[in-house]
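Here is what each chain is made of, one letter per residue.
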Amino acid sequence: MSQQRLALWNTEEDLEEDVDLLAIGNYGQTVYDDAHIPQPQIDESTLLAMQQHMAQQAAFAQIPDVVKSFIVHFHQAVLDNNLAEITVAYESGWNKYTEKYYARTEWPEAELIAPLVNDDPIFLILYRELYYRHVYSRLQPNIDDRFHSYENSCELFNYLLNSDGPVQLELPEQWLWDIIDEFIYQYQVFCTWRSKPNSKNQEELMMLAEGGPVWSSYSVLNVLYSLMQKSKINEYITAQREGKSPEEIAEIVGEYGQRPLYRMLGYFSIIGLLRVHVHLGDFTLALKIMDNVELNQKSPFTRVTACHVATYYYVGFCYIMLRRYPDAIRTFVTILNFIMRMRQYHTRSYQYDQINKTADRMYALFAICHALSPSRLDDNIANIAKERYGEQYTKMSRGGSDALAAYEELFLYACPKFITANPPPYDDPEYTNNLLASADDESNAPASQPDSSQRHLELFLADVAAQLPVPTLRSFLKLYTSLGAAKIANFLDQDEEELVQEMMVLKQSSRSISRLPGTEGNSLLDGQTITTSDLNFVIDDNMVHIAESTVGRRYAGWFIKNTERAQKILDDIKNMPLPAPPKTSTDAAPAVEAPAPSRKPGRGGQKVAWAKV
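These figures come from a predicted structure and were not determined experimentally.

Trainee: If you had to explain the overall build of the protein chain to someone new, which residues and values would you point to?
Mentor: Across its full length, the protein chain carries 27 helices and five strands. Taken across its 613 residues, the protein chain has 41% of its residues classed as buried. The long-range share in the protein chain, meaning contacts at least 24 apart out of those at least 6 apart in sequence, stands at 70%. Accessible surface, the protein chain as shown: approximately 36200 Å² in total, 52% of it carbon and sulfur.

Here you go:
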């Protein structure tokens, strides 16, 4: 057995020797070269897509989990048409996470959060609307943001207007107004930015030349008028005013007008057209578009505070530019009193700052109207306006050379941002080449478009300048009942002919077209000529006869108001509990309880807290 093993071992040794003799090539000596393996050919587009996908994954991982959960919840609420959940997510959740995570940065792009919402195209359009609104309000939009926001707005309105039948979508009224409001705001901002060619670089000039109808006035007006026609909102308002039954109204407005989404979008489009026509400078058409909208507390636009304030602001400004100062004063007084009463509720709104800014501008416009047409419609609002703009109001009321500067200051501060409807000819190659050639030489640069605000300011100041001598002339006439024209001219160091002209200006400024009480249902353009001044005069053979009518104070209203206030204070005092008794020292005699009073019939079992003696 041992010999067999020995023979086997010898055989293994022979095998090893054979292997060594064969010398299995250069195994272990040749280095493995991976250059001989062919590399896969990846084109540039595929590589770019892979890199973009990896970047999206990294950006998606950086989104906070609470934001992802919020977007999923928001999407589900939109799918379910749950107005309560949508309202909470829109007004509370979006603003909460904006302040916490995206106060200085953009929200994640729609393509990034698309997997969270199963690539729902409708929700992504709504999400982009919020995304670009955040960019415009908190950040500085670039030209890509301006173009893409327009494309997203077109997608949204095409979905609403060109779908097969009314869309099955429900959104809160606040969001619907914000969609119209932001659409007009972005149009106004783009027109202002587009009208300044000197600040554009070569890429922006080329994009504007190829942009076509991006944010054109025609496209914006077309959207708003289309929403009005699709919803038949004017027919709906007229039918409601005539007291028709719901079945008759449904037959009149059709399937689109019955949907709250289209009805409110059509209604807000009327307010939007009012705003657009004011920006374009057509104040008569702006009021004409409001023929079917009543300015009262029962109108649907009052349900959205921002829409309520904006409506009265633009209507009041239209009255100023049409020289109907009494109507403008009445409009501003109505909305400013509303803001004062509801101020404690506005503090909870995310639009609190915007409402306050608009109210401050209306106080400035009220001061202008009050200086041009003094009125005692509301002393409280007048006092607030004088407190805020006391220096300017004093100059405007006194007249003279300093008044024009005060009018100009307040007008430029409080007026809307006017726009120019037609853009510069960026599609003209010669114009574009001149812009590019003059980029380094500003002296040869083409002139920018004229500022529309300056044009409207000049028209307003031209009317104001004619009325500057009126306050001084009024102060002289109030001192007399009859006076010779030569004597008045001597006081003012003027010629008699110039004095007669100024007196005619005074006569004209004391008359205005105004809506009379009881005509609230009529057009905002309707009205009759009334006298707005308490001073009247006639000129008879170079003698001026003055008659001043003094309106007595309405004591009845004053007493009623203060009586109600005193009654309320008395009721509050009666409902207050009696003060707690003072604490007695331990050394004092024990307290004796007073007998409980018997309840008298007819008091309703009123309890009285009696203190111990």
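Back to the text.
Trainee: Give a detailed account of helix H18 (residues 352-372), specifying residues and quantitative values.
Mentor: If you check H18, its first and last C-alpha atoms are 31 Å apart, about what 21 residues at 1.5 Å a residue would give, namely 30 Å. Most of H18 sits inside the fold, with 16 of its 21 residues counted as buried.

Trainee: I'd like a description of a negative patch on the surface, backed by residues and values.
Mentor: A contiguous patch of negative charge on the surface is contributed by Asp-495, Glu-496, Glu-497 and Glu-498. As for its placement among the helices and strands, Glu-498 is situated in helix H26 (residues 496-509).

Trainee: So what's going on with the nonpolar core? Residues and values would help.
Mentor: Residues Phe-74, Met-290, Tyr-407 and Phe-460 are the most contacted members of the largest nonpolar core, which totals 145 residues. With 13 residues, helix H15 (residues 305-321) is the largest single contributor of residues to this core. Residues in contact with Phe-74, not counting those within four places in the same chain, are Ile-86, Ala-89, Tyr-90, Phe-123, Leu-130 and Trp-175. Leu-477, Leu-483, Ala-489 and Leu-492 belong to the second largest nonpolar core, which has 15 residues in total.

Trainee: Give me the lowdown on the packing of helix H3 (residues 65-80) against helix H6 (residues 121-138), citing residues and values where you can.
Mentor: For the pair H3 and H6, interaxial distance at closest approach is 11 Å and the crossing angle is 120°. By the criterion of interaxial angle, the relationship of H3 to H6 is oblique. For the pair H3 and H6, the sense of crossing is right-handed. Contacts between H3 and H6 involve Ile-71, Phe-74, His-75 and Val-78 on the former and, on the latter, Phe-123, Leu-126, Tyr-127 and Leu-130. Residues that form the contact of H3 with H6 fall into these classes: seven nonpolar, one polar and no charged.

Trainee: How would you summarise unusual backbone geometry if you had to cite specific residues and measurements?
Mentor: The phi dihedral of Trp-215 is positive, around 55°, even though this residue is not glycine. Even without being a glycine, Arg-323 presents a positive backbone phi close to 65°. Along the chain, the position of Arg-323 falls in the loop between H15 and helix H16 (325-341).

Trainee: For the sheet that holds strand S4 (residues 535-540), give the residues involved together with the corresponding values.
Mentor: Spatially, S1-S5-S4 is the arrangement adopted by the three strands of the open sheet, whose pairing is antiparallel. Where the open sheet ends on each side, the last strands, each with one partner, are strand S1 (482-484) and S4. Shown here is a sheet whose adjacent strand axes are inclined to one another by a mean of 25°, direction ignored. In terms of strand pairing, S4 meets strand S5 (residues 543-548) through six bridges, oriented antiparallel. When the bridges of S5 are listed, Val-538 appears paired with His-545. Packing of helix H25 (residues 485-492) onto the sheet brings it into contact with S1 and S5, and relative to S1 it is tilted by some 75°. H26 rests against S4 and S5 of the sheet, and its axis sits at about 140° to S4.

Trainee: I'd like a rundown of the side chain of Ser-452, residues and numbers included.
Mentor: Within the secondary structure, Ser-452 sits in helix H23 (residues 452-466). Taking the relative accessible area as the measure of exposure, Ser-452 reaches 13% and is therefore buried. What Ser-452 contacts, discounting residues up to four positions off in sequence, is Phe-418, Ile-419 and Thr-420.

Trainee: Lay out the pattern of salt bridges in plain terms, naming residues and giving numbers.
Mentor: For the structure on display, the rule yields 16 salt bridges. With a shortest N-O distance of 3.7 Å, Asp-178 and Arg-133 are connected by a salt bridge. Of this pair, Asp-178 sits in helix H8 (residues 173-194) while Arg-133 sits in helix H6, and the two are 45 residues apart along the sequence. Each of the two residues, Asp-178 as well as Arg-133, counts as buried. With its nearest N and O atoms 3.7 Å apart, the salt bridge here joins Glu-242 to Lys-244. Accessibility expressed as a relative area gives 33% for Lys-244, which makes it partly exposed. Ionic contacts of the salt-bridge type, sharing partners, join the residues Glu-129, Arg-133 and Asp-178 into one network.

Trainee: Tell me what's going on with the side chain of Gln-188, and back it up with residues and numbers.
Mentor: Relative to the elements of secondary structure, Gln-188 occurs in helix H8. Among the residues examined, Gln-188 registers a relative accessible area of 9% and is labelled buried. Excluding residues that lie within four positions of it along the chain, Gln-188 makes contacts with Arg-275, His-279, Lys-417 and Ile-419.

Trainee: Outline the environment of Ser-163, listing residues and values.
Mentor: Position of Ser-163 among the secondary structure elements: in the loop between helix H7 (143-161) and H8. Look at Ser-163 and you get partly exposed, because its relative accessible area is 23%. Filtering out sequence-adjacent residues up to four positions away, Ser-163 remains in contact with Asn-158 and Tyr-256. Reaching out from Ser-163, the side chain makes a polar contact with the backbone oxygen of Tyr-159 at a distance of 2.3 Å.

Trainee: Account for a nonpolar patch on the surface, naming residues and giving values.
Mentor: Nonpolar side chains collect at one region of the surface, where Val-500, Met-504 and Ile-539 lie side by side and expose about 230 Å² of accessible area between them. Within the secondary structure, Met-504 is located in helix H26. For Met-504, a relative accessible area of 43% corresponds to the partly exposed category.

The rules behind the values
- Residues numbered from 1 in each chain as written.
- Predicted model: local features only at pLDDT ≥ 70, side-chain atom pairs only at ≥ 80, totals over all residues.
- Heavy atoms only, no water.
- Helix = DSSP H or I, 4+ residues; strand = E, 2+ residues; numbered from the N terminus.
- Buried < 20%, exposed > 50% of the residue type's maximum accessible area, 1.4 Å probe, protein only.
- Contact = heavy atoms within 4.5 Å.
- Areas by Shrake-Rupley, 256 points an atom, 1.4 Å probe, with all protein chains shown as cover.
- Expected span 1.5 Å × (residues − 1).
- Patch = residues over 30% accessible without salt bridge, like charges linked within 9 Å, V, L, I, M, F, W, Y side chains within 5 Å.
- Salt bridge = Lys/Arg side-chain N within 4 Å of Asp/Glu carboxyl O.
- Lys, Arg positive; Asp, Glu negative; His and termini not counted.
- Charge placed at Lys NZ, Arg CZ, Asp CG, Glu CD.
- Core = buried A, V, L, I, M, F, W, Y, C linked by side-chain atoms within 4.5 Å.
- Axes fitted to C-alpha atoms, helices over the stretch in contact; angles between N-to-C directions.
- Parallel < 35°, antiparallel > 145°, perpendicular 65-115°, else oblique.
- Left-handed = near helix turned anticlockwise from the far one by under 90°.
- Nonpolar A, V, L, I, M, F, W, Y, C, P; charged D, E, K, R; others polar.
- Pairing = 2+ DSSP bridges.
- Polar contact = N/O pair within 3.5 Å; in protein donor to acceptor, adjacent residues only side chain to side chain.

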